[in-house]
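Results of the structural survey
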Amino acid sequence: MYAGQILELGPAAQVLNRPRHPYASALHRSMDGVCPEPIPGSPPALTDLPCGCRFQPRCSNSCETCCSIVPEFNGGVRCHNLQ
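Reference entry: report on the structure contained in this document. Just so we're clear, the structure is a prediction, and the values are computed from it rather than from any experiment.

Before going further, it helps to spend a moment on the side chain of glutamine 56. Tracing the sequence through the fold places glutamine 56 in the loop between helix H2 (22-30) and helix H3 (64-68). On the basis of relative accessible area, glutamine 56 is assigned to the buried category, the value being 14%. Apart from the residues lying within four places of it in its own chain, the contact partners of glutamine 56 are Pro50, Cys51, Ser62, Cys66 and Cys67.

What follows is the structure in structure tokens.
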């Protein structure tokens, strides 16, 4: 869940070990005990959400579509650019 919206849903082992959404992947990398990578930027204020995908301002896979169109929730993931 990010900014009040479910981005990836599935069995815990699947989401934790093989994340498909860029946010789930970034969370996984940020908790790496050997070499954690922080997620750049800050979460949006819930009173000032970005247009399109809520995670797109912080997403390394963001494209033009992400900035203007809210992705549908398909196959347990809400993303225009699945990993």
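The rest of the description comes next.
So, about the environment of arginine 78. Relative to the helices and strands, arginine 78 resides in strand S2 (residues 77-78). C-alpha of arginine 78 to C-alpha of glutamate 8: the two residues are 70 residues apart in sequence and 6.4 Å apart in space.

Per the stated rule, a full pass over the model turns up three aromatic pairs. When the ring of tyrosine 2 is compared with that of phenylalanine 55, the centres are 5.1 Å apart and the planes differ by 80°; the resulting orientation is edge-to-face. Here tyrosine 2 is found in the segment before helix H1 (12-17), whereas its partner phenylalanine 55 is found in the loop between H2 and H3, with 53 residues between them in sequence. You'll find tyrosine 2 and phenylalanine 55 in the same group, each marked buried. One aromatic cluster is present, formed by Tyr2, Tyr23 and Phe55 through successive ring pairs.

Further remarks concern the pattern of salt bridges. Scanning the model with the defined rule gives one salt bridge in all. One salt bridge connects glutamate 37 with arginine 29, and the closest N-O pair in it is separated by 3.6 Å. We classify arginine 29 as partly exposed; its relative accessible area is 35%.

Quick notes on the rules
- Residues numbered from 1 in each chain as written.
- Predicted model: local features only at pLDDT ≥ 70, side-chain atom pairs only at ≥ 80, totals over all residues.
- Heavy atoms only, no water.
- Helix = DSSP H or I, 4+ residues; strand = E, 2+ residues; numbered from the N terminus.
- Buried < 20%, exposed > 50% of the residue type's maximum accessible area, 1.4 Å probe, protein only.
- Contact = heavy atoms within 4.5 Å.
- Phe/Tyr/Trp six-rings, centres within 6.5 Å; stacked < 30°, edge-to-face > 60°.
- Salt bridge = Lys/Arg side-chain N within 4 Å of Asp/Glu carboxyl O.

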